[in-house]
Amino acid sequence: MERGGGFSVDSFVSVVIPTYNRPYPLAELLESLSRQTYRSFEVIVVNDGGVPVHDVVALYPELEIRLIDRCNEGHVTARNVGVQAARGEYIMLCDDDDLLLPCHLERMVAALEHADFAYSDVEIVQYRVENDQRLPMARFLFAYEYDLEAMRTFSTYVPSGSVYRKALHDEIGYFDVSVHHYWDWDFFLRAASACRVTRVAAATVLYAFSPDGDNMSRQMGDKRRHYLRRLCEKHGLGDLPVKNFWLLLDEPEVARRRTESEVIWDGQPMVSRFWTQKKRATIDRSFLGLL
C-alpha cells in the first residue's frame, strides 16, 4: 500500500453510514454532517432493511447522499456494501446514532497528511428521548493513548468518525462478518498491522451509549462469547474474558492509558430538519383540530 501518496487538502471522502430503524438519530447525524467545515465528501446511507428513510435524506439536498436500500443482512454486511459503493479516496465510518462536531472531518483529513488511518477521541453520551428529540443526560470523555500492544487486550478504538485510505481494503480485505460484535476491533488490529495509524487528541465525535443495550448489550450471552473466541483465535489474543464495558475501564491496565484530550462540544442537542418538520406538522394538525 502506498504510504502518504496523493494527499491533498481537497481529498474526497466517502462517509459510510449503515442504518436500521433510527430515522430521528440518522437525521441528527446528517444535520451534523451538513455543518462540517470540510466539504469535499459524499454520504452513503445503507438502510439495512429498516423503516424507509427517503424523507430524512431528502431534507439535506446540499449533501451528496446516495441511499442504498437492502434487506436485513446485518450491520457488518451493510458497512461492506457502503464501502464497496464508495467513490472517495478516503472512507469515514459512522454509526447512525453518533454525531460529529463541525471541525471533525477537517481535522481528520489533516491528520492523514502523515498517516493512512486516523481516529479521534470521543465523548460517550447518554440521552433521554422527549417527543422524538434526544436530549443529553450525561457525558464521559473516552480518551486513551494509542498503544497497539495494549489494544490487543482492550480496544480503545471507536470506529465512528475514523477516516482511512480506501485502498487499505485492497490489502486487508473488508469487515469480517464472522466476528460480528467485534468487527471494529478486528478491523483495527488488521489495519494497524498494515498501515500508519494516528490518534487525533480531540473529542470531536459524540458516541451514543444506552445502558439498556442499544450499542453494547448488557446480556453477555453465548453468542458474544462465541464471537470473542473467534476474534481471539484469529489474532492470537489468548483467552480474553467477556466483561462489562464500564468495569473494564476501571481496570488498572486500562485506566493507566487515560489521557488528556481537547473537549469542544457545548453540550447542546443536535436539532435536525426532520425533527423540526415533524414538530411543525404536529402543531399544524393540532391547530386545525381546534378549528
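Look up: the structure comes first, before these words.
Residues numbered from 1 in each chain as written. Predicted model: local features only at pLDDT ≥ 70, side-chain atom pairs only at ≥ 80, totals over all residues. Heavy atoms only, no water.

Undergrad: Account for the overall build of the chain, naming residues and giving values.
TA: For the chain, the count of helices and strands is 10 helices and 10 strands. Relative to a compact globule of 291 residues, whose C-alpha radius of gyration would be 19 Å, the chain shows 19 Å and is just as compact. With the C-alpha coordinates of the chain rotated into their principal frame, the extents come out at 70 × 45 × 40 Å. Out of the 291 residues in the chain, the part that is buried amounts to 52%. Entry remark: accessible area of the chain is about 13500 Å², with carbon and sulfur atoms responsible for 50%. (Helix = DSSP H or I, 4+ residues; strand = E, 2+ residues; numbered from the N terminus. Rg over C-alpha atoms; globule rule 2.2 N^0.38 Å. Buried < 20%, exposed > 50% of the residue type's maximum accessible area, 1.4 Å probe, protein only. Areas by Shrake-Rupley, 256 points an atom, 1.4 Å probe, with all protein chains shown as cover.)

Undergrad: How would you summarise the nonpolar core if you had to cite specific residues and measurements?
TA: In this structure, Val 13, Ile 17, Leu 30, Leu 33 and Val 43 are the most contacted members of the largest nonpolar core, which totals 48 residues. Per element, the largest residue contribution to this core is six residues, and it comes from helix α1 (residues 23–34). Residues within four places of Leu 30 in sequence aside, it is in contact with Ile 17, Val 43, Val 56, Val 57, Tyr 60, Leu 63 and Ile 65. One finds Val 76, Val 81, Val 83 and Ala 191 within the second-largest nonpolar core, a separate group that totals 26 residues. (Core = buried A, V, L, I, M, F, W, Y, C linked by side-chain atoms within 4.5 Å. Contact = heavy atoms within 4.5 Å.)

Undergrad: Hey, could you go over the pattern of salt bridges for me, with residue numbers and the actual values?
TA: Tallied over the entire structure, the rule returns 23 salt bridges. The closest approach of N and O atoms between Arg 66 and Glu 42, which form a salt bridge, is 2.9 Å. Taken together, the residues Arg 66 in strand β3 (residues 65–70) and Glu 42 in strand β2 (residues 41–48) connect sequence positions 24 residues apart. A relative accessible area of 1% means that Glu 42 is categorised as buried. Close ionic contact of Arg 79 with Asp 95 constitutes a salt bridge, the shortest N to O distance being 2.3 Å. (Salt bridge = Lys/Arg side-chain N within 4 Å of Asp/Glu carboxyl O.)

Undergrad: I'd like a rundown of the packing of aromatic side chains, residues and numbers included.
TA: Inspection of the entire model under this criterion finds 21 aromatic pairs. Linked through ring pairs, Phe 117, Tyr 119, Tyr 146, Tyr 157, Tyr 164, Phe 175, Trp 183, Phe 187 and Phe 188 together constitute an aromatic cluster. (Phe/Tyr/Trp six-rings, centres within 6.5 Å; stacked < 30°, edge-to-face > 60°.)

Undergrad: Summarise helix α7 (residues 222–235); cite the residues concerned and give the values.
TA: A turn of α-helix holds 3.6 residues, and therefore any two residues three or four places apart point the same way. The end-to-end C-alpha separation of α7 is 20 Å, in line with the 20 Å expected for 14 residues at 1.5 Å each. Along α7, the positions that sit buried rather than exposed are Arg 224, Tyr 227, Leu 228, Leu 231, Cys 232 and His 235. Seen from one end, α7 has its buried residues packed into an arc of 140°, which puts them on one side. Residues of α7 that are exposed and angled more than 90 degrees away from the buried face: Asp 222, Lys 223 and Glu 233. The elements touched by buried residues of α7 are α6 (183–192). Two residues or fewer after α7 comes Gly 236, characterised by a positive phi angle close to 65°. (Expected span 1.5 Å × (residues − 1). Arc of directions from axis to C-beta.)

Undergrad: So, α6: which residues are in play, and what are the values?
TA: With 10 of 10 residues buried, α6 lies mostly within the body of the structure. Within α6, burial applies to Trp 183, Asp 184, Trp 185, Asp 186, Phe 187, Phe 188, Leu 189, Arg 190, Ala 191 and Ala 192.

Undergrad: Could you give an account of unusual backbone geometry, naming the residues involved and the relevant values?
TA: The phi dihedral of Asn 131 falls on the positive side, at around 55°, and the residue is not glycine. You will see that Asp 132, though not glycine, has its phi angle at about 70°, which is positive. Positionally, Asp 132 belongs in the loop between β6 (117–130) and β7 (133–142).

Undergrad: Give a description of the packing of α6 against α7 that names residues and reports values.
TA: With their axes 10 Å apart at the nearest point, α6 and α7 run at an angle of 10° to one another. Compared by their axis directions, α6 and α7 come out roughly parallel. Contact residues: Trp 185, Asp 186, Leu 189 and Arg 190 in α6; Leu 228, Leu 231, Lys 234 and His 235 in α7. Considered class by class, the residues forming the contact of α6 with α7 number four nonpolar, one polar and three charged. (Axes fitted to C-alpha atoms, helices over the stretch in contact; angles between N-to-C directions. Parallel < 35°, antiparallel > 145°, perpendicular 65-115°, else oblique. Nonpolar A, V, L, I, M, F, W, Y, C, P; charged D, E, K, R; others polar.)

Undergrad: So what about the pairing of β7? Which residues, and what values?
TA: Here is the key point about a regular strand: its side chains alternate between the two faces of the sheet. Pairing of β6 with β7, which is carried by nine bridges, proceeds in the antiparallel orientation. Each residue of the ladder has a partner; that of Val 129, found in β7, is Arg 134. Linking two consecutive strands that pair antiparallel, namely β6 and β7, is a turn of two residues; a positive phi of about 55° is found at Asn 131 within it. (Pairing = 2+ DSSP bridges.)

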